[in-house]
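# Analysis of the macromolecular model
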Amino acid sequence: MIDVKLLERTDLNYLQEYKESLRNRKGDVSLVDKLLELNSERKKITLQAETQKAIQNKQSQEIQVLKKQGKDATELLEKLKKMSEDIKDLYAQAEQADKKVFELAATLPNKCHKDVPVGFDESANRVVRTVGVPTSFSFKAREHFDIGEKLGILDFERAGKISGSRFTILNKMGARLERSLINFMLDIQTQEHGYTETLPPFIVNSGTLFGTGQFPKFYDDVFHLTNTDYHL
């Protein structure tokens, strides 16, 4: 997530660099200015709350002194009661302001690496390296789904009935191939590359999806369990 403190530092050129990066991604640069305004307002409200809190603490001590001296502290107590309500309200405002800053910052993308080519379509992409030589055929190659249907290992028709279009059922060697590829990947990574095999829950909470970068951008693209904080 974007660090607002970096955007606010005047000794760095981070703000301008970030805005330029956002422009290159066709992002809304005005959101950066809005974020800074919200954060400035958040700090202003927080400072007011903390200042009033300090005054309240000081006057609470004065009340204790008055009581020890046997003097009437009623007026000061009433004043502190009102101040306490104001402080509570200020902290509530600060909490809301902090929430707004967090939510907006979470929607802004990271700054692009300096080596990322600038462009608005695939024509701007560049080939970093090429491995191997593409296979050439003396005949017109068939699409994989045509071959799969002919072999009986892909079944689009039945998948369409139970799920919908663009789904498929893997049958026979197709299902076996899928399972073999999973086992092959797990065996290679755990036995040769030092990874630990694990099987996490398929249902997780929103904090997990936020921490892995899925939320808030892809919130509407995942399956939710109604009336819970769980997602598939």
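Located above this text is the structure these notes cover.
Residues numbered from 1 in each chain as written. Predicted model: local features only at pLDDT ≥ 70, side-chain atom pairs only at ≥ 80, totals over all residues. Heavy atoms only, no water.

So, about the overall build of the protein. Looking only at helices and strands, the protein features 8 helices and 4 strands. Along the protein, helices (α) and strands (β) appear in the sequence α-α-α-α-α-β-α-β-α-β-α-β when read from the amino end. Viewed in the frame of its principal axes, the protein has a C-alpha envelope of about 105 × 40 × 40 Å. Within the span of the protein, comprising 232 residues, buried residues form 19% of the whole. Within the protein, contacts between residues separated by at least 24 positions form 53% of all contacts whose residues are at least 6 apart in sequence. Total accessible area computed for the protein in this model is approximately 18,700 Å², and 53% of it derives from carbon and sulfur atoms. Side chains of the protein give 35 positive and 35 negative charges; the mean places of these two sets differ by 1 Å. (Helix = DSSP H or I, 4+ residues; strand = E, 2+ residues; numbered from the N terminus. Buried < 20%, exposed > 50% of the residue type's maximum accessible area, 1.4 Å probe, protein only. Contact = heavy atoms within 4.5 Å. Areas by Shrake-Rupley, 256 points an atom, 1.4 Å probe, with all protein chains shown as cover. Lys, Arg positive; Asp, Glu negative; His and termini not counted. Charge placed at Lys NZ, Arg CZ, Asp CG, Glu CD.)

Taking 1.5 Å per residue, 34 residues should reach 50 Å; helix α4 (residues 74-107) reaches 50 Å between its end C-alpha atoms and fits that length. Residues of α4 that are buried make contact with α1 (4-8), α3 (30-68) and α8 (206-211). (Expected span 1.5 Å × (residues − 1).)

Further remarks concern the layout of surface pockets. Considered as a void within the structure, the largest pocket measures approximately 460 Å³ in volume. Forming the walls of the largest pocket are 19 residues, and the residues nearest its centre are A106, T107, L108, P109 and K217. A per-class count over the lining of the largest pocket returns 11 nonpolar, 4 polar and 4 charged. When its volume is computed, the second largest pocket comes out at roughly 210 Å³. Considering the residues around the second largest pocket, the lining is formed by 13 residues, among which S21, N24, C112, H113 and V116 are closest to the centre. (1 Å grid on protein atoms, 1.4 Å probe; cavity = no way out; pocket = protein on both sides within 12 Å on 5 of 7 lines; lining within 4 Å. Points joined across faces, edges and corners; volume = space filled by probe spheres on them. Nonpolar A, V, L, I, M, F, W, Y, C, P; charged D, E, K, R; others polar.)

Closest axis-to-axis distance for the α3/α4 pair is 8 Å, and the angle between their directions is 160 degrees. Here α3 lies roughly antiparallel to α4, going by the angle between them. Crossing of α3 against α4: the hand is left-handed. For the contact of α3 with α4, the residue count by class is 20 nonpolar, 9 polar and 8 charged. (Axes fitted to C-alpha atoms, helices over the stretch in contact; angles between N-to-C directions. Parallel < 35°, antiparallel > 145°, perpendicular 65-115°, else oblique. Left-handed = near helix turned anticlockwise from the far one by under 90°.)

Another point: the side chain of D155. When you line up the elements, D155 lands in strand β1 (residues 154-155). Here R158 takes part through its backbone nitrogen, which lies 3.0 Å from a polar atom of the side chain of D155. Every residue in contact with D155, bar those within four places of it in the chain, is listed here: T168, I169 and N171. (Polar contact = N/O pair within 3.5 Å; in protein donor to acceptor, adjacent residues only side chain to side chain.)

Following the criterion strictly, the structure yields 8 salt bridges and no others. Here R23 ties to E20 by a salt bridge, and the two come within 3.3 Å at their closest N and O atoms. Linking R23 with E20, this pair stays in helix α2 (residues 14-24), spanning 3 residues, or about one helical turn. Accessibility expressed as a relative area gives 41% for E20, which makes it partly exposed. The partner of D155 in a salt bridge is R158, with the nearest N and O atoms 3.6 Å apart. In this structure R158 comes out as exposed when scored by relative accessible area, which is 57%. (Salt bridge = Lys/Arg side-chain N within 4 Å of Asp/Glu carboxyl O.)

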